[in-house]
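Read off the chains here:
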Amino acid sequence: MIYRDLSAIDFSTEACLGVPRPERVLMTTPTHFDVEYVINAHMAGNIGSVDRDVARIQWDEVRAAFEQTGMEVSVIDGAEGFPDMVFCANQSLPVRLPAGTSPPAAQSPPAAQSSPAAQSSSSGAAHRVVLSRMYALQRRLEVPYFQRFFAGQDYDVIEDVAIADIAFEGMGDAMWHPGRWLLYGGYGFRTNPAAYDIIDRQLDVPIVLLYLDDPDFYHLDTCLCVLDEDHALAFPGAFESCGYDLLKHFFKVVIETPEHEARELFACNATCADGKHVILQKGSTETCRRLREHGFTPVEVDTGEFMKSGGSVYCMKQLYW
Ligand code: ARG
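Definitions and limits used
Residues numbered from 1 in each chain as written. Predicted model: local features only at pLDDT ≥ 70, side-chain atom pairs only at ≥ 80, totals over all residues. Heavy atoms only, no water. Buried < 20%, exposed > 50% of the residue type's maximum accessible area, 1.4 Å probe, protein only. Helix = DSSP H or I, 4+ residues; strand = E, 2+ residues; numbered from the N terminus. Near = heavy atom within 4 Å. Polar contact = N/O pair within 3.5 Å; in protein donor to acceptor, adjacent residues only side chain to side chain. Areas by Shrake-Rupley, 256 points an atom, 1.4 Å probe, with all protein chains shown as cover. 1 Å grid on protein atoms, 1.4 Å probe; cavity = no way out; pocket = protein on both sides within 12 Å on 5 of 7 lines; lining within 4 Å. Points joined across faces, edges and corners; volume = space filled by probe spheres on them. Nonpolar A, V, L, I, M, F, W, Y, C, P; charged D, E, K, R; others polar.

Which parts of the structure should I look at to understand helix α5 (residues 194-203)?
Given 3.6 residues to a turn, an α-helix orients residues that are three or four positions apart in the same direction. Most of α5 is tucked away: seven of the 10 residues are buried. When we look at burial in α5, the residues that qualify are A195, Y196, I198, I199, D200, Q202 and L203. Following α5 by one or two positions, D204 adopts a phi angle in the positive range, close to 55°.

If you want it as structure tokens, here you go:
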């Protein structure tokens, strides 16, 4: 079921089925990372400006930060000719079905209807992965690398969005509510909202659509970071008021980032994999202070080279089960 505004919502976060949090992290080596074209506002003026040695040091630091928070990190080698492949949040949406449901069913809402795609899946695996259809031609052929990775992890691969040729950029725009069978779907720049209709038909999952229209915040992950079941970090200015109201309905507390930290320092492009440590670009002093005030521990890293391409910590990894 797709939701666009609060008036249609008659359920709380707690009414959504429980799903365990992902415990694994996937990263792609920055061996061939560069800014070679401009497909987002942050890349303008940065062509050819990446220092690969510095990028490698920064990437190692991000990887170490994930390992220090207890996550197991797997690595795919970045392939030649794909300078953006290091941003591995984008090529897929890993899915963990709620326990005991195959096909998935939600309590309230949606009604516990059977899901056609789930039925057609023969393996009955608890893990699925929705493959992306990258908006930019330059990135389209990154996807098969991730298809192979997840197929090798015993994930059932859902290719329907890609086959329908509808733009969808994976976890860059689609984000799970921590611990719940509830998906946020960003759209406006990269992902076509029609992709969420297909995902809903496949998974029978409540999807809350969030519209983006500021070019600096071209992916949902540039302005929203889910922290735990009750908390999210967000830059309100990137959302329409009805979108922000939706976030405030589903999260008890939305911690706001100041505009400068969100726009210039990618403060929301953070990751809180364990529900406590928030790994984010260094220098977002006020965001860090607010995170601490709510009991989170900020872990600051330098992703300066990657920010030249429009991405920071969140984009540099994929979370999966
Ligand atoms: N240069 C990449 C692009 O424009 C950056 C992607 C960053 N990823 C993200 N999830 N925000 O596609």
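How do you make sense of the site of the ligand when you look at a structure like this?
Residues in contact with the ligand amount to 15 residues; listed here are only the nearest, N40, N90, R139, R190 and D221. Measuring from a nitrogen atom of the ligand, one finds a side-chain N or O atom of N90 at 2.7 Å. With the chains in place, 100% of the 350 Å² that the ligand exposes on its own is no longer accessible.

Which parts of the structure should I look at to understand empty space enclosed by the protein?
A probe matching the size of a water molecule, rolled over the atoms, marks out where space remains unfilled. Under the definition given, this model contains three cavities of 30 Å³ or more. Contributing to the lining of the largest cavity are 23 residues, with P22, W176, P178, V226 and L319 lying nearest its centre. Broken down by secondary-structure element, the contributors of at least two residues to the lining of the largest cavity are β4 (92-96), β7 (174-176) and β10 (224-226). Of the residues contributing to the lining of the largest cavity, the split by class is 16 nonpolar, three polar and four charged. There is about 70 Å³ of room inside the second largest cavity. N40, F87, R139, Y218 and S309 are the residues nearest the centre of the second largest cavity, which is lined by 13 residues in total. Among the residues making up the lining of the second largest cavity, the classes are represented as four nonpolar, six polar and three charged.

Keep in mind these numbers describe shape, not what the thing actually does.
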